Amino acid sequence: MTSSEALYKDPLGTAQKAADEIGERTGVAKHDIALVMGSGWVGAVDALGNPSYECDAHEIAGFLPPTVEGHSGKVRSYALDGDTGPIRALVFLGRTHYYEGKGMEPVVHSVRTAVKAGCKVVILTNACGGINTAYKVGQPVLIRDHISLTAASPLIGADFVDLTDLYSKRIRAIVKAEDDSLQEGVYVHWRGPAYETPAEILMMRTLGADLVGMSTVPEAIAAHALGAEILGISLVTNAAAGVTGEKLNHEEVIAAGKAAASRMGALLKGVIPKLL
Ligand code: HPA
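First things first, this report covers the structure right here in the doc. (Residues numbered from 1 in each chain as written. Predicted model: local features only at pLDDT ≥ 70, side-chain atom pairs only at ≥ 80, totals over all residues. Heavy atoms only, no water.)

In this section: the packing of helix α2 (residues 11-26) against helix α3 (residues 105-116). To describe two helices that pack against each other, one gives the angle between their axes and the distance between the axes. Packing of α2 against α3 leaves a shortest axis separation of 8 Å and a crossing angle of 55 degrees. For the element pair α2 / α3, the angle class is oblique. Once α2 is placed against α3, the crossing between them reads as right-handed. Along the contact surface, α2 presents P11, L12, T14, A15, Q16, A18, A19 and I22, while α3 presents E105, H109, R112, T113 and K116. Here the residues of the contact of α2 with α3 sort into six nonpolar, four polar and three charged. (Axes fitted to C-alpha atoms, helices over the stretch in contact; angles between N-to-C directions. Helix = DSSP H or I, 4+ residues; strand = E, 2+ residues; numbered from the N terminus. Parallel < 35°, antiparallel > 145°, perpendicular 65-115°, else oblique. Left-handed = near helix turned anticlockwise from the far one by under 90°. Contact = heavy atoms within 4.5 Å. Nonpolar A, V, L, I, M, F, W, Y, C, P; charged D, E, K, R; others polar.)

Structure below.
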């Protein structure tokens, strides 16, 4: 057994260990809200001000070093003002993806750790391709629901979790009250790492999907299964394959994220105080 296999043999125990380490390092016994910052979203956290603590995530039990550009692999703790009192936010800059081939456990370890650290709300951000032709590059879209085309679940065993309100209606209403131009859409989880073909995008549109990306869905399921409320926000960084005829590349995804960082940061800063 490799050391990473050993760490994930008891995934919730490893998440608890990681949460305890975060508590010791930050001096914060309980965090309230977690944010996972996806490709192109790292600049948006600047809006939250200076963190009270930062380290490389892989110094903490169960976290792997980052392998994707745009994912810095840091964990930060922030002390923020909420509408009903202080809020402690735990921020993960970057994530492990299912396409990295390391299994599901490392993909969902950050959100499991966050819930074990006390977080009741988990905000999942990502970069995505726009399947819905009404969407523009640089537009944030709230995830209303998802379709898992990987059909891979982070849950093992007879854990029949209800997903009818996976992307919390309560939280979506708060976010839309903050910015009434925001639209909602259905996100498809595509394994990647290759982007989709135009025929696959046509299939997804036919199935009722608006957005496509390579993350978020396993984390949403794992965090919800532990009782957290989920907000998913996708940033449309490109038109999905075949929509414009342009080829897709990761650089444009990162560039679109950079261009939208201050708007996304203002949105997060505006809504976080209202979520608890
Ligand atoms: N497809 C899948 N994942 C993505 C895309 C896309 O077009 N853009 C950003 N992440």
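Tallied over the full model, the rule gives twelve salt bridges. Salt bridges linked by common partners bring R172, K176 and E184 together as one network. (Salt bridge = Lys/Arg side-chain N within 4 Å of Asp/Glu carboxyl O.)

Pairing geometry for strand β2 (residues 53-56) and strand β3 (residues 74-82), over four bridges, is antiparallel. Across the sheet, Y53 pairs through a bridge with S77, a residue of β3. Two strands pair when backbone bridges link them, and β3 and strand β4 (residues 85-93) are joined in this way by nine bridges, in the antiparallel orientation. Within β4, the residue paired with S77 across the bridge is L90. Counted between consecutive antiparallel strands, the loop separating β3 from β4 contains two residues. (Pairing = 2+ DSSP bridges.)

This next bit is on helix α7 (residues 250-271). A260 marks the point of greatest bend in α7, at about 55 degrees. Of the residues making up α7, those classed as buried are V253, I254, A256, G257, A260, A261, M264, G265, L267, L268, G270 and V271. Among the structural elements, β1 (33-37), β5 (121-130), β6 (140-148), α4 (169-178) and β9 (229-239) are those in contact with the buried residues of α7. Of the residues flanking the start of α7, the one acting as N-cap is N249, its side-chain oxygen 3.1 Å from the backbone nitrogen of E251. (Bend = angle between axes of the 7 residues up to and from the residue. Buried < 20%, exposed > 50% of the residue type's maximum accessible area, 1.4 Å probe, protein only. Polar contact = N/O pair within 3.5 Å; in protein donor to acceptor, adjacent residues only side chain to side chain.)

Now for unusual backbone geometry. When glycine is set aside, most residues are seen to have a negative phi, and most peptide bonds are trans. The linkage connecting G192 with the following residue, P193, adopts the cis geometry, with an omega of 0 degrees. Even without being glycine, A151 reaches a positive phi, approximately 55 degrees. Checked against the element boundaries, A151 lands in the loop between β6 and α4. On the basis of relative accessibility, which here comes to 67%, the residue A151 falls in the exposed class. A positive phi angle is found at T216, which is not glycine, with a value near 70 degrees. Relative to the helices and strands, T216 is located in the loop between β8 (211-213) and α6 (217-225).

Mapped onto the fold, R172 is located in helix α4. On the basis of relative accessibility, which here comes to 9%, the residue R172 falls in the buried class. Put simply, R172 and L182 are ten residues apart on the chain and 9.7 Å apart in space, counted from C-alpha to C-alpha. R172 has contacts with L142, I143, R144, D165, Y167 and E184, leaving out every residue within four places of it along the chain. Among the polar contacts listed, one links the side chain of R172 to the backbone oxygen of Y167, at a separation of 2.9 Å.

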